[in-house]
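Topology and contacts: notes
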Amino acid sequence: MSMTISNIPPKPHQKPNNPSFSSGPCAKRPGWTLDVLKDALVGRSHRSAEGRQKLKDVIDLSADILGIPSDWKVGITPASDTGAVELALWALLGSRPVDMVSFDSFSAEWVTDIVKQLKLPDATLLHADYGDLPDLSKINWDHDVVMVWNGTTSGVKIPNDDFIPQHHDGLIICDATSAAFAMDLPWSKLDIVTWSWQKALGGEAAHGMIALSPNAIKRLEETEQLRPLPKIFRLLKQGKLNDKIFEGDTINTPSMLCVEDALDGLRWAKSVGGLQGLKKRCDQNLAVIAQWVAKTPWVEFLASQEEFRSNTSICLKIIDPWFVALDAKEQQVAFTKITKLIAQEKAGYDLASYRDAPLGLRIWGGATVETSDIELLLPWLDWAFAFVKSSY
């Protein structure tokens, strides 16, 4: 039965102060203005003493906030988190079998790299559909392991590190782009961790970060290079780790505007209590959405279990019988109308799920998003859904 106009809730009176809910590039931190870029070294070389110092400050602040062990090396890479992960895959994999943990679009991309591009012959896939995790007990820890910690496109996170043994012979490559600065990462159990500036701290795109454990560095230096590597994937110089990359030099030229913006985000992170403060903000955002979902009959989490729910990339699916009864093409049309209505009202932007993920809502809940803005967004979701439903 179609809804009548009287069934539509009134249009909400208030809108989020910041209607940006994209999962990358993500919302700027509260209070951000272009003025934070006034000290950027525009027109200056990144290799100048001042440029190197700013890059080193990004490295040092990141390591400090994330709690990265002092014997790890942290550096800046080209091409965002994608570039950092690709560097790790191409530079480190091949000397051992590899287990691939896949439960979202990006982890599936790393599977494609390993199987179809690197063509590694001894690769095992542990896969789960969107909303679930694979059976992590089946990982062979004598192998190298590639995983994401948080599924940016599935809204599913790895809830804890209990499944990882403290000692393992293989290396663990962990894509943490939507987990860093929002969740605890078990640094003592991991070997290579990557993330980008554009996610949890709302930085600009195109710059990634990579952190290497002593075991990862040993593998790099002691294993014969298995394949030719382009310049942007090379971490070694004359067979040894190029320490300059981890001290303020970069493999290629970074944007000094982006560097300044990244520093602003990191300083803000310190001001709200570091990692603990950032996690608290993310958890509050998830809690508000969870309370709304619990009382809203037309929507539920894509994550199958509460303990799997991401507190950053929060993915929801529409379960209303009217919507579910539509064919796939009509569902897409109706859903686009919902998100377009909200965007036209300037109440929320970029709310659609990732292009490869199941159709639904994706609300970024990272620390730069104010909980009050999510609270103001939710009535707009109810209004837009009811408005579109009433036309069917």
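As a reminder, the structure under discussion sits directly above these lines.
The following paragraphs examine the structure supplied in this document. Keep in mind it's a predicted model, so treat the numbers as computed, not measured.

Right, let's talk about the packing of aromatic side chains for a bit. Across all of its chains, the model carries 12 aromatic pairs by this definition. When the ring of Phe-106 is compared with that of Tyr-354, the centres are 5.2 Å apart and the planes differ by 45 degrees; the resulting orientation is tilted. Of this pair, Phe-106 sits in helix α3 (residues 105-117) while Tyr-354 is found in the loop between α8 (328-344) and β14 (361-364), placing the two residues 248 residues apart along the sequence. A residue is classified by how much of its surface remains accessible, and Phe-106, at 24% relative accessible area, is partly exposed. With centroids separated by 5.5 Å and ring planes inclined at 70 degrees, the aromatic side chains of Trp-322 and Phe-385 adopt a geometry described as edge-to-face.

The next point concerns unusual backbone geometry. Of the consecutive residues Gly-24 and Pro-25, the connecting peptide bond is found in the cis state with omega at -10 degrees. Along the chain, Pro-25 turns up in the segment before α1 (49-66). At Ser-80, a position not held by glycine, the phi torsion is positive, near 60 degrees. The residue Ser-80 is located in helix α2 (residues 80-92) in this model. Positioned with a positive phi, Phe-181 is a non-glycine residue whose angle comes to about 70 degrees. If you trace the backbone, Phe-181 turns up in the loop between β7 (172-175) and β8 (192-196).

This part takes up the sheet that holds strand β12 (residues 299-301). Backbone hydrogen bonds hold the strands of a sheet together, and the pairing may be parallel or antiparallel. Taken in spatial order, the three strands of this open sheet run β12-β13-β14, and their pairing is antiparallel. Among the strands making up the open sheet, the edge pair consists of β12 and β14. Going across the sheet, the axis of each strand differs from the next one's by a mean of 30 degrees, ignoring polarity. Where β12 lies against strand β13 (residues 313-318), three bridges are found, and the strand directions are antiparallel. Paired with Glu-300 across the bridge in β13 is Lys-317. Of the strands in this sheet, β12, β13 and β14 are in contact with helix α6 (residues 274-295), which crosses β12 at around 135 degrees.

Criteria and thresholds
- Residues numbered from 1 in each chain as written.
- Predicted model: local features only at pLDDT ≥ 70, side-chain atom pairs only at ≥ 80, totals over all residues.
- Heavy atoms only, no water.
- Phe/Tyr/Trp six-rings, centres within 6.5 Å; stacked < 30°, edge-to-face > 60°.
- Helix = DSSP H or I, 4+ residues; strand = E, 2+ residues; numbered from the N terminus.
- Buried < 20%, exposed > 50% of the residue type's maximum accessible area, 1.4 Å probe, protein only.
- Pairing = 2+ DSSP bridges.
- Axes fitted to C-alpha atoms, helices over the stretch in contact; angles between N-to-C directions.
- Contact = heavy atoms within 4.5 Å.

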